[in-house]
Amino acid sequence: MKFVKKLGLFAVAACVGLSVVSCGKDRAEEVIDTTGNPDINLEETTRSDITLSSISVDNNASKLNYYVGEEFSRENLVVKGNYIEVVDGANKSLSKELTNYTLDTSDLNMGLIGTYPVTITYREGTNIKTTTVNINVTSSFLDDQKIEYLAGLEPVETIIKISKNQAIDFKEDVVFEKHYLNNTVETKVEALTASDKEQLTVDEGNFSNTKTGRYVIKYSFDTSALLSDGTNYEYTLNSFVIVIVQ
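Starting from 1, residues in each chain are numbered consecutively following that chain's sequence as written. In keeping with the model being predicted, local features are shown solely for residues with a pLDDT of at least 70 and side-chain atom pairs are shown and tallied solely at 80 or more, while totals for entire chains, interfaces and linings include all residues. Hydrogen atoms and water are omitted, and side-chain values are computed over all heavy atoms in the structure.

1. Points about the overall build of the protein
- Runs of H or I in DSSP of at least four residues are treated as helices and runs of E of at least two as strands, each being numbered from the N terminus. A count of helices and strands for the protein gives one helix and 16 strands.
- Burial classification: accessible surface area is computed with a 1.4 Å probe over protein chains only, and a residue below 20% of its type maximum counts as buried, one above 50% as exposed, and the rest as partly exposed. Expressed as a percentage of its 246 residues, the buried residues of the protein come to 36%.
- Any two residues whose heavy atoms approach within 4.5 Å at even a single point are treated as in contact. Counting only contacts in the protein whose residues sit at least 6 apart along the sequence, the fraction spanning at least 24 positions is 61%.
- Accessible surface for the protein amounts to roughly 13900 Å². Of this, 45% is attributable to carbon and sulfur atoms. Using a 1.4 Å probe, the Shrake-Rupley method yields the accessible areas, and only the shown protein chains count as cover for residues.

2. Points about the environment of Asp144
- By the secondary structure assignment, Asp144 is in the loop between strand 9 (127-138) and strand 10 (148-155).
- Of the residues examined, Asp144 reaches a relative accessible area of 56% and is grouped as exposed.
- For the pair Asp144 and Thr184, spaced 40 residues apart in sequence, the C-alpha to C-alpha distance is 9.4 Å.

3. A short note on the sheet that holds strand 13 (residues 185-191)
- Spatial strand order, 10-12-13: three strands in an open sheet with antiparallel pairing. The open sheet has two free edges, formed respectively by strand 10 and strand 13, since each of these has just one partner strand. For this sheet, the mean angle separating the axes of adjacent strands, direction not counted, is 30 degrees.
- Paired strands, in this sense, are two strands between which DSSP finds at least two bridges. Note: strand 12 (residues 176-182) against strand 13, six bridges, orientation antiparallel. Across the sheet, residue His179 finds its bridge partner in strand 13, namely Val189. Axes here mean lines fitted to C-alpha atoms, for a helix over just the part in contact, with angles spanning 0 to 180 degrees between N-to-C directions.

4. Focus on the confidence of the model for the protein
- When pLDDT is averaged along the protein, the result is 81, and 80% of the positions lie at 70 or above.
- Within the protein, the element-level pLDDT minimum falls on strand 2 (residues 25-27), averaging 32, and the maximum on strand 11 (residues 159-162), averaging 95.
- pLDDT gives the predictor's per-residue confidence on a scale running from 0 to 100. Predicted confidence for residues 1-42 stays below pLDDT 50, and this span has 90 contacts to residues more than four positions away or in other chains.

5. Considerations on the packing of aromatic side chains
- Here the aromatic set is Phe, Tyr and Trp, taking the six-membered ring for Trp, and pairing holds for ring centres within 6.5 Å; pairs whose planes are under 30 degrees apart are stacked, those over 60 apart are edge-to-face, and all others are tilted. Tallied over the entire structure, the rule returns six aromatic pairs.
- Between Phe176 and Tyr219 the ring centres are 4.6 Å apart and the planes differ by 65 degrees, which places this aromatic pair in the edge-to-face class. Of the two residues, Phe176 is situated in strand 12 and Tyr219 in strand 15 (residues 213-226); the sequence distance between them amounts to 43 residues.
- Ring geometry for Phe207 against Tyr215: centres 5.1 Å apart, planes inclined by 75 degrees, an arrangement best described as edge-to-face.

6. Side note on the sheet that holds strand 9
- Strand order in the open sheet formed by four strands is 4-9-8-7, with mixed pairing between adjacent strands. Each of the sheet's edge strands pairs with one partner strand only, and the pair in question is strand 4 (65-67) and strand 7 (102-104). Each adjacent strand pair in this sheet contributes to an overall mean axis angle of 30 degrees, direction not counted.
- Two elements, strand 7 and strand 8 (residues 114-124), share three bridges in a ladder whose sense is antiparallel. Its bridge partner being in strand 8, Asp104 is matched across the sheet by Thr119.

7. Details of the pairing of strand 12
- For strand 12, the tally of buried residues reaches five of seven residues, placing the bulk of the element in the interior.
- Counting the residues that bridge the hairpin from strand 12 to strand 13 gives two residues, and of these Asn183 lies at a positive phi of roughly 55 degrees.

8. Some points on the nonpolar core
- Grouped together as the largest cluster of nonpolar side chains are 28 residues, with contacts concentrated most on Leu142, Phe176, Phe207, Ile217, Tyr219, Tyr235 and Val243.
- If you list the elements that add at least two residues to this core, you get strand 10, strand 11, strand 12, strand 15 and strand 16 (232-245).
- The residues contacting Tyr219, other than those within four sequence positions of it, are Phe170, Val174, Phe176, Leu200, Thr201, Val202, Leu237, Asn238, Ser239, Phe240 and Val241.
- We call a set of buried Ala, Val, Leu, Ile, Met, Phe, Trp, Tyr and Cys residues a nonpolar core when their side-chain atoms join them within 4.5 Å. Counting 22 residues, the second largest nonpolar core, distinct from the first, contains Tyr66, Tyr83, Leu98 and Tyr122.

9. Concerning a negative patch on the surface
- Like-charged residues are merged into a patch within 9 Å and nonpolar side chains (Val, Leu, Ile, Met, Phe, Trp, Tyr) within 5 Å, provided each residue has over 30% relative accessible area and no salt bridge. Salt-bridge detection follows one rule: a side-chain nitrogen of Lys or Arg within 4 Å of a carboxyl oxygen of Asp or Glu. In summary, the charge assignment counts Lys and Arg as positive and Asp and Glu as negative, without counting His or the chain termini. Charged side chains are reduced to one point each, which is NZ for Lys, CZ for Arg, CG for Asp and CD for Glu. Among the surface-exposed residues, Asp169, Asp173, Asp203 and Glu204 lie close enough to one another that they form a single negatively charged patch.
- Mapped onto the secondary structure, Asp173 falls in the loop between strand 11 and strand 12.

10. Structural notes on the pattern of salt bridges
- Taken as a whole, this structure holds seven salt bridges when the rule is applied.
- Glu172 is the partner of Lys197 in a salt bridge, and the nearest nitrogen-oxygen pair spans 3.5 Å. In this pair, Lys197 sits in helix 1 (residues 194-199) while Glu172 sits in the loop between strand 11 and strand 12, placing the two residues 25 residues apart along the sequence.
- Given a relative accessible area of 21%, Lys197 falls into the partly exposed group.
- Here Lys188 makes a salt bridge to Glu190, at a shortest N to O gap of 3.5 Å.
- Residue Glu190 is classed as partly exposed on the basis of its relative accessible area of 30%.

Written out as structure tokens, the structure reads:
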């Protein structure tokens, strides 16, 4: 019997894009005279000013705890914009869910147990707000098996800088280490072998060494662990490096 599990370990520092939303004054419905009172000004309107004061993460509605090997997703975050609305001189607090925000996940490592900060940025016009949420990565199913298993594929250098038009071999020029755990304790670290590199899959995305910029190169590595009952547990390790062409 064979169990198959796909574990996503890379954290891509992907930008979603900044949304520009105009801030302005909302015009409410005009006051309508239903009493025949001549003193009511039919031209009177109620005006309001709304200002983004901060952004926050709804801790109760968001997924902040992950197992080693799970893939982090922005879809699991509920981000809210907190506003101050001024209506006829009085302040009123209100909030709404935001979607067009950016995430900085450069410090997030889904392959190792720990607590990692993720920075969230949201913009409305020239008003920019940021907040930070902690993502907790805890032990996985394999820890419960009380066996040693390959838990992480980590680059020795996360950021690699090359010159424009410089050639790079993403399998040979990027050095990775294999991290093994047993019951959440790291037991050993090994370099990738030649046969390991044959199983390594590289996703270069839109990388171009002819254009300056910052590129995320994604890696995946299929592996398995022999469970205590003799069954084989298959899973995939993922990792990434950032290549800066300058």
